[in-house]
Amino acid sequence: MTKLLGFQGLLLILLAPCMIGVLRKLEAWLELRQGPGIFQPYRDIVKLMRKPAMRARTTSRLFAITPYVLFSVYGLLCLLAPVFHRATLASVDLIVVIYLLGMARFAFSLAGLDAGSSFGGLGSSRQMFVHLLTEIGLVLVIIALMVKWNTVSLTAIFDKHWELGYVNFLAEPELILLALSLALLILLESARIPIDNPATHLELTMSHKAIALEYAGRDLALIEWAEMIKLGFLLTLLGNLFLPFPRWADPMHSIGPSGLALAFGGYCAKLILLLLLLAFWELSQPKLRLRSIIGPSLVAIVLSLTAIIYTITLRK
Amino acid sequence: MIRAGLTEICRKPIIELPRRDTNELHFITEDGDDVVKLAKWAKEEGFYLCTMVANDERFLEDHVFKLYYVFSASDGKLVIIEHPLTDPKYPFNYASISKYFSSVIPLEKEALDLFGLSPIDNTMNQGFVLHDPYPPDLFPLRPRRSMPDIIKRIEENKTQVSKSESIPLPEGVLSLPVGPIHAGIIEAGQFRFLIAGEIVEDLELRLGYKHRGIEKLFQTQYSLEEGWKLAERISGDSSFAHSMAYCQAVESLAGMEPGASALHWRGLFLEMERLHNHIGDVAAMVHDMAFDLAASRIAVLREKSMQLNADLGGHRLLRNINRPGGVELTRSPNLSEASDRVRELTDQFLSLGKLVLEMPACRNRMIMTGVLSLEQATELGATGLVARASGLGKHDFRLRHAKGVYAARPEMLAEINATIESGEDGALRDSNGSASPTTSRRAQVLKEELRGDVFARLAFRIAEVETSARIIEILLRSLTDFESKQLHEVTPLVESLRRIASFEFGLGYVEGWRGDIMYWVMKGPGNTIFRCKVRDPSLFNWPALVSAVILKDQQSLEEGRSSLLENLLADFPLINKSFNLSCSGNDL
Amino acid sequence: MKNSRNANVTVLRLFAEQLAKLILPESLYKRVSEAMMSNAITFERLRLPELSAKKRSVFIRHLDCGSCNGCEIELNALSNPVYDIERFGIKFESSPRHADILVMTGPFTRNLEEAARLTFEAMPEPRRVIALGDCAADGGVFKDSYAIRARPGEIDEAIREKGVYIPGCPPTPEEILKGILDVLAKN
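Reading the values: rules and limits
Residues numbered from 1 in each chain as written. Chains lettered and ligands numbered in written order. Predicted model: local features only at pLDDT ≥ 70, side-chain atom pairs only at ≥ 80, totals over all residues. Heavy atoms only, no water. Helix = DSSP H or I, 4+ residues; strand = E, 2+ residues; numbered from the N terminus. Rg over C-alpha atoms; globule rule 2.2 N^0.38 Å. Buried < 20%, exposed > 50% of the residue type's maximum accessible area, 1.4 Å probe, protein only. Contact = heavy atoms within 4.5 Å. Areas by Shrake-Rupley, 256 points an atom, 1.4 Å probe, with all protein chains shown as cover. Lys, Arg positive; Asp, Glu negative; His and termini not counted. Charge placed at Lys NZ, Arg CZ, Asp CG, Glu CD. Pairing = 2+ DSSP bridges. Axes fitted to C-alpha atoms, helices over the stretch in contact; angles between N-to-C directions. Parallel < 35°, antiparallel > 145°, perpendicular 65-115°, else oblique. Nonpolar A, V, L, I, M, F, W, Y, C, P; charged D, E, K, R; others polar. Domains from an automatic or database assignment. Patch = residues over 30% accessible without salt bridge, like charges linked within 9 Å, V, L, I, M, F, W, Y side chains within 5 Å. Salt bridge = Lys/Arg side-chain N within 4 Å of Asp/Glu carboxyl O. Phe/Tyr/Trp six-rings, centres within 6.5 Å; stacked < 30°, edge-to-face > 60°. Lys NZ or Arg CZ within 6 Å of the ring centre and 35° of its normal. Polar contact = N/O pair within 3.5 Å; in protein donor to acceptor, adjacent residues only side chain to side chain. Buried area = accessible area lost by both parts, 1.4 Å probe. Core = buried A, V, L, I, M, F, W, Y, C linked by side-chain atoms within 4.5 Å. Expected span 1.5 Å × (residues − 1). Disulfide = S-S within 2.5 Å.

*Asks:* Even after reading the chapter, I still don't get the overall build of chain A, so can you show me in this structure?
*Replies:* Summing up its helical and strand segments, chain A has 12 helices and zero strands in all. Ordered by position from the N terminus, the helices and strands of chain A form the series α-α-α-α-α-α-α-α-α-α-α-α. For 316 residues, the compact-globule estimate of 2.2 N^0.38 gives 20 Å, and the C-alpha radius of gyration of chain A, at 19 Å, lies within 12% of that figure. Taken along its principal axes, the extent of the C-alpha atoms in chain A is 60 × 45 × 40 Å. Evaluated residue by residue, chain A yields a buried proportion of 62% over its 316 residues. The long-range share in chain A, meaning contacts at least 24 apart out of those at least 6 apart in sequence, stands at 82%. When the accessible surface of chain A is totalled, it reaches about 12200 Å², and 73% of it is carbon and sulfur. The averaged location of the 19 negative side-chain charges in chain A is 3 Å from the averaged location of its 27 positive side-chain charges.

*Asks:* Teacher, can you tell me more about the sheet that holds strand β3 (residues 101-105) of chain C here?
*Replies:* Backbone-to-backbone hydrogen bonds join strands into a sheet, with any given pair of strands oriented parallel or antiparallel. All names here are of chain C. With parallel pairing, the five strands of this open sheet are ordered in space as β2-β1-β3-β4-β5. The sheet terminates laterally at β2 (90-92) and β5 (164-166), the two strands that pair on one side only. Mean inter-strand twist for the sheet, computed between neighbouring axes without regard to direction, equals 25°. Pairing geometry for strand β1 (residues 58-64) and β2, over three bridges, is parallel. Following the sheet pairing, F59 is matched in β2 by K91. Where helix α8 (residues 173-186) meets the sheet, its contacts fall on β1, β2, β3, β4 (128-132) and β5, and the angle it forms with β5 comes to roughly 170°.

*Asks:* Is there a simple way to think about the packing of helix α8 (residues 260-288) of chain B against helix α22 (residues 572-579) of chain B in this case?
*Replies:* The axes of two packed helices give the description: the angle between them and the distance between them. Residue and element names in this part refer to chain B. Interhelical geometry of α8 versus α22 gives an angle of 175° and a closest axis separation of 9 Å. Between α8 and α22, the crossing angle belongs to the class labelled roughly antiparallel. Facing α8, whose interface residues are A284, M285 and D288, α22 presents P573, L574, K577 and S578. Among the residues making up the contact of α8 with α22, the classes are represented as four nonpolar, one polar and two charged.

*Asks:* I would appreciate a short explanation of the domain arrangement of chain C in the present structure.
*Replies:* Reports of interface size often rely on the accessible area that becomes lost once the parts have come together. When the domains of chain C are assigned, the result is domain 1 (2-35) and domain 2 (49-186). Just the C-alpha atoms count here: the centres of domain 1 of chain C and domain 2 of chain C sit 39 Å apart.

*Asks:* So what exactly am I meant to see when it comes to a nonpolar patch on the surface here?
*Replies:* On the surface, F7, L10 and L89 of chain A cluster together to form a nonpolar patch covering roughly 280 Å² of accessible area. For L89 of chain A, a relative accessible area of 44% corresponds to the partly exposed category.

*Asks:* Would you explain the packing of aromatic side chains in this entry?
*Replies:* Centre distance and the angle of the planes are the two values used to describe a pair of aromatic rings. All names here are of chain B. Inspection of every chain in the model, using the stated rule, returns 28 aromatic pairs over all chains. Where W41 meets F47, the ring centres are 5.5 Å apart and the plane angle is 65°; that geometry is what we call edge-to-face. Per residue, the accessibility class of W41 equals that of F47, and both read buried. Geometrically, the ring pair formed by F397 and Y509 is edge-to-face, given 6.2 Å between the ring centres and 75° between the ring planes. In this pair, F397 is assigned in helix α14 (residues 397-400) and Y509 in strand β16 (residues 505-511), connecting sequence segments 112 residues apart. Across the pair, exposure class does not vary: F397 and Y509 are buried alike. Taken together, the ring pairs connect W41, F47, Y69, F71 and F101 into an aromatic cluster. R144 extends its terminal NZ or CZ atom over the ring of F59, reaching a point 3.7 Å from the ring centre.

*Asks:* Just to check I follow, could you spell out the interface of chain A and chain C for this structure?
*Replies:* On the chain C side, the residues contacting the 31 residues of chain A number 34 residues. K47 of chain A is the partner of D100 of chain C in a salt bridge, and the nearest nitrogen-oxygen pair spans 2.5 Å. Along the contact surface separating chain A from chain C lie 15 residue pairs in polar contact (both at pLDDT 80 or more). For the side of chain A that touches chain C, the secondary structure elements donating two or more residues are α2 (8-30), α3 (40-50), α9 (208-212) and α11 (257-284) of chain A. Sort the elements by how many residues they give to the side of chain A that touches chain C and α3 of chain A lands first, with five residues. Along the lines of polarity and charge, the residues of the side of chain A that touches chain C split into 16 nonpolar, six polar and nine charged.

*Asks:* Can you help me understand the interface of chain C and chain B in this one?
*Replies:* Listed as interface residues are 54 residues of chain C and, on the opposing side, 67 residues of chain B. The junction of chain C with chain B conceals about 4800 Å² of combined surface from both sides, 62% of it contributed by carbon and sulfur atoms. Across the salt bridge formed by R316 of chain B and E74 of chain C, the nearest N and O atoms sit 2.7 Å from each other. At the boundary of chain C and chain B, one finds 27 residue pairs in polar contact (both at pLDDT 80 or more). Among the secondary structure elements, those contributing two or more residues to the side of chain C that touches chain B are α1 (2-23), β1, α4 (70-77) and α5 (113-121) of chain C. Counting residues per element, the side of chain C that touches chain B draws most heavily on α1 of chain C, which supplies nine residues. Residues of the side of chain C that touches chain B, tallied by class, amount to 27 nonpolar, 20 polar and seven charged.

*Asks:* Would you mind showing me how to read the environment of W281 of chain A here?
*Replies:* Residues and elements named next belong to chain A. Locating W281 in the fold gives a position in helix α11. C-alpha separation for the pair W281 and I193, spaced 88 residues apart in sequence, amounts to 8.2 Å. Those residues in contact with W281, other than ones at most four positions away along the chain, are L187, I193 and P194.

*Asks:* Mind showing me how you'd approach the nonpolar core here?
*Replies:* Generally speaking, a soluble globular protein has its nonpolar side chains buried in company with each other. Ranked by size, the top nonpolar core spans 327 residues in total, and within it Y69, F193, F218, Y246 and Y519 of chain B carry the most contacts. In terms of residue count, helix α17 (residues 454-481) of chain B provides more of this core than any other element does, 16 residues in total. Beyond its immediate stretch of four places on either side in the chain, Y69 of chain B contacts V35, L49, T51, M52, V79, I80, I81, Y94, A95, I97 and V104 of chain B. Counting residues in each nonpolar core, the second largest holds 20 residues, with L102, L112, I155 and I159 of chain C among its members.

*Asks:* Can you walk me through helix α3 (residues 104-115) of chain B in this structure?
*Replies:* Residues spaced three or four apart along an α-helix point in a common direction, a consequence of the helix completing one turn every 3.6 residues. The first and last C-alpha atoms of α3 of chain B sit 16 Å apart over 12 residues, in line with the 16 Å expected at 1.5 Å per residue. G116 of chain B sits one or two positions beyond α3 of chain B and adopts a positive phi of about 80°.

*Asks:* Can you help me understand the sheet that holds strand β10 (residues 199-206) of chain B in this one?
*Replies:* All names here are of chain B. Ordered in space as β8-β9-β10, the three strands form an open sheet in which the pairing is antiparallel. With partners counted over all chains shown, the strands left at the sheet margins are β8 (174-178) and β10, one partner each. Neighbouring strand axes in the sheet, compared pairwise and without regard to direction, differ in orientation by 20° on average. Where strand β9 (residues 190-196) and β10 come together, seven bridges link them in antiparallel fashion. Each residue of the ladder has a partner; that of Q190, found in β10, is R206.

*Asks:* How should I be thinking about the state of the cysteines in this particular structure?
*Replies:* Among covalent bonds in proteins, the disulfide is the one between the sulfur atoms of two cysteines. Counted according to the given criterion, the structure contains zero disulfides over all chains. As a non-bridged cysteine, C169 of chain C has C68 of chain C as the owner of its nearest cysteine sulfur, 5.9 Å distant.

*Asks:* Mind showing me how you'd approach the packing of α2 of chain A against helix α10 (residues 217-242) of chain A here?
*Replies:* All names here are of chain A. Between α2 and α10, the least distance of the axes is 8 Å, while the angle of their chain directions is 90°. By the angle between their axes, α2 is roughly perpendicular relative to α10. Where α2 approaches α10, its residues L12, I13, L14, A16, P17, M19, I20, L23 and R24 are matched on the opposing element by W225, M228, I229, L231, G232, F233, L235 and T236. Here the contact of α2 with α10 is composed, by residue class, of 14 nonpolar, two polar and one charged.

This is how it looks when you write it as structure tokens:
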């Protein structure tokens, strides 16, 4: 059973489009629209999968394999991280997480340059700019967690946070700072408002989409799906690290069917809460000016630094 | 005053011709140097260039090409300078006034493509509206060239000379062509950016993609009575303003004015058009900032105003209403209900507009983005809302050259004046000393906000929506009281047109929502159109957009304020949207 | 400072309005919103049962071939909450490579011929094309102009075989939606 649970990441991969569907539905509703059904992303992906992947004649193999790289990197992340149960295929370092994210972004930026279109290059440079800003923040979050718990293992930190429970959690201000910091960094990393507008039609403001413009059919489906998985993974990470289950529920360790059901239900509830927050946030914020992106990333860095200093000084 | 100034300046005697409209002055001068001197003087006097019309009159009595410049003087007069190209040395060349009025350049480029006329001392390249598919010596607007003949010559064209110029790039600068087909649902036109990183160093426009040969169509396929059909399809968002300007030109030619209720209807629909376009523009700008909470709600209000258009005028874009001689409505609209609907939607719009103007992150994106300074706006001859937002607050043809219902109802002009907050606008209020319209106004532009940035243009749009809504209410009220609320009020023009000699011309001008639209219509034999020159405000504002985007202000560079004023590539769509210019009106 | 507080309050009010509409029964919601003196925007969403019945995924790309921008206004209107085209699974896309349907507006000017052809060719098969508006059908008021040319044969064929003409100057958003439905039914 535990072995089987190791593959819980597959569930996240499969459910990610639905999660995006829910997010879009929520946002549509706040915009007074009805919006597409929550399963619309599946329909889009299936339709794109059926279409041929047209590639420009100028592109190399690099361009062709990038969608697969993206998909497998984000898929791997899902498989390595605990989703609704602590059992995973392997114990994973947070550092691995950061560099897998970095690798995906690097591959995607290269693909943008490879296509040789004017927007691809523009998108690549913006992607790298944003990643540069997030990477520092993410490393600092990890250092803070390491200083706090003397470990960088994802599962170990999960356990610590779960053992802490909610009441004690609130008594640890550095963790709250870190939660805010990570939330900001997730907005940056997943290219959502106020950093980038995933729904834009304006080619000059695009960052992620500028590169995706060159792809078609199957390739595009994989890229879109990979992006959904990425957001799903990041939200799961945030939820599991900083919204631990209540101690009495003990779902993270349980194996029985009722325990698993409870764990899954709790996980979904957490995710929906985060999606709701994300929807509210995205609608209440306009997109920032490209240069002002430094602002939120600086805030994230300062928050993590404060958490580190707080932890160190308090321990002594 | 103008007469004295002109005679004083010119080397050769200047002839004045009589005009039927008292606010139009018509002068003829054959001397090219005099025209340039006149232009210098006009610039100093603060004239605004309305249009330059090139005309091939080689088969008429003067046997030459002619240029007609139309200037708008600040005292409400329109000055027409007719300039026959009589110099036998230069039958196709003229002295350019672009040194004083740079807004004439696009008109000169047009004249080069369509007539083969060019400035004497200036080498200009073809290709403004006629791109590579056209042979270089086509000159389709010369009246002897018939449409089938022109088409035959285009189709036989084998010349493969590329008309687009390529400029050598400085080091470290990348050229980024965008368009002509764009990713969003917008019009076709090409922007060529020169970028260094994200900063826009230079921007080159290439328009003309949508050239449809409209001026030739006026000459060959449409009669004076029918021309409105074409006019209202020049730029869809300004359908009513264009057809109104056309109709006014024909009416001025025929020497008549439509009845009072027709004038009221026209004023009403002109403001309705302003209302729905301004609301739509605000929605689009807010959507570009990705603030969809407000944008989607404003989009609903836009839709509601378009539905109101359909209920009042029978068409969502207010087409098929104007006729030379009056208006024709298909059904009797419910005026009091319309008044409620306008009030409700403006009310909702203004509270959302306030939200956008107050939102710190929105302000951050808009303030000091895409600045078109007052000097630049004056220098480039920018017009319409763009010029007003740059500080030329009174640059509004409704005020400068009030015509029709605007001339008859001073309280409407007071409302327009009240768009900008200030206490000293007594100039137009003295004619009607009634209550100050500024009371109970919800949106006004503050004088210090008129910096010419995106924020100023947005704030101005919001304030103008309120102004228009107030004017609409005034007009709806008086239309309800009107005893002769006729739906078909078209005074037949055929008789009076027949009495007018051929090759007379008439002017039509309207302050549309984008700026002033000017029509210059010359009658041919019978009821044909010999020449119809259309000038959409976009033509003057595209160059203004370019200078708002690029940083050429050497002084601020030296003072180290450059980072404040340079624009990022990612801000261009927002700046572009804040101008919201029409390609189809520009390309014709 | 005051500005930002006002703005935040308004944003929260808009959220609260939406929440109240969701949670409260209709009669109560009306009373609450009247009591709050809120001028909540109300409108009737266009009902199109024949379009909402089937679940689908359709990406549309717009191509301007010299229109007067009237058709563009109506195409843009399709995205507003009144028509809300996305609820039918139809979406406007930014690249011809992603497109299932190409919507052409305007009478096809000579200057745009090359760009239009390239866009059409960048679109994957099956190329379904909608000719939107009167001037896309036969040139409309611009019919006899020298600047207008016949569409290239392949595009015309795509319209005839796999697409539709939607007449109107410009067609209303509702007519456009119905036209899109026709294209989908045809294939």
